[in-house]
Amino acid sequence: MTVDPKKLRIQIHPAAILREKAEPVDPTEDVLAVADRMVKMMRGADGIGLAATQVGLRWRLFVCDVPADPDEPSPGPGEPRVSTEGPEVYINPEVVSTEGEPDLYEEGCLSLPGVRGDVIRPPAVTMRAIGLDGQPFETRAGGLLARCLQHELDHLDGILILDRMTQAARTKVRSAVRSLER
Ligand code: ZN
């Protein structure tokens, strides 16, 4: 499948592709060119993550870039990392394990402009994927990075933050969601 990366656009809810399950991909040059373009699109939109389904492709691929928060102490030895050092590419990502009691954290989404709300997720996750170099890697994430990785993986299964919001958050965003759906 040949894709012109320049023609990709961020898909906004209720685009049907956002509800589709993506298929595994091989790290071919085409796929890597798309990943590269997705990093630029993510940055252009001031996002910290972007999944292939969000740009109209049913590929199991996402990118993320979570800068360190200067107000937060960096994780100590043995603690999961909470940020990235520049953009990262996850091809065919899978959850290996999660840690801790699920908790609340406010999330937004480039496909749901104007919608932000508390989402329930485990606070730490270990994920396995194939990287830009075509090699498998495993990473253990906490903090905002754990949020981001789980949020992006959800996109590859057609799941949006709307599905994981608390009832209170869902009520609060109802009119913003309706205006996107009109
Ligand atoms: Zn999203």
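Relevant structure appears above.
The rules behind each value
Residues numbered from 1 in each chain as written. Predicted model: local features only at pLDDT ≥ 70, side-chain atom pairs only at ≥ 80, totals over all residues. Heavy atoms only, no water. Helix = DSSP H or I, 4+ residues; strand = E, 2+ residues; numbered from the N terminus. Expected span 1.5 Å × (residues − 1). Bend = angle between axes of the 7 residues up to and from the residue. Buried < 20%, exposed > 50% of the residue type's maximum accessible area, 1.4 Å probe, protein only. Pairing = 2+ DSSP bridges. Axes fitted to C-alpha atoms, helices over the stretch in contact; angles between N-to-C directions. Contact = heavy atoms within 4.5 Å. Core = buried A, V, L, I, M, F, W, Y, C linked by side-chain atoms within 4.5 Å.

Novice: Which residues make up helix α4 (residues 167-181), and what values go with them?
Specialist: Between its first and last C-alpha, α4 extends 19 Å over 15 residues, near the 21 Å set by a 1.5 Å rise per residue. Its maximal kink placed at Arg-174, α4 deviates by approximately 50°. All of the buried residues in α4 are Ala-169, Val-173, Val-177 and Leu-180.

Novice: Now, about the sheet that holds strand β3 (residues 88-99): what can you tell me, with residues and values included?
Specialist: One open sheet accounts for five strands, arranged β1-β2-β3-β6-β7; its pairing is antiparallel. In this open sheet, the two strands that pair with only one neighbour each are β1 (49-51) and β7 (136-141). Within the sheet, the average angular offset between the axes of one strand and its neighbour, ignoring direction, is 35°. Here six bridges tie strand β6 (residues 124-130) to β7, and the two strands are oriented antiparallel to one another. Within β7, the residue paired with Thr-126 across the bridge is Arg-140. Sheet strands in contact with helix α1 (residues 29-44) are β1, β2 (61-64) and β3, and its direction is about 40° off that of β2. The sheet contacts of helix α2 (residues 143-156) involve β1, β2, β3, β6 and β7, and relative to β2 the element is tilted by about 155°.

Novice: How would you summarise the nonpolar core if you had to cite specific residues and measurements?
Specialist: Generally speaking, nonpolar side chains in soluble globular proteins are found buried as a group. One finds Val-34, Met-38, Leu-57, Trp-59, Leu-61 and Val-63 to be the most contacted residues of the largest nonpolar core, which totals 19 residues. Counting only elements with at least two residues in this core, the list comes to α1, β2 and β3. Ranked by residue count, the leading element in this core is α1, at seven residues.

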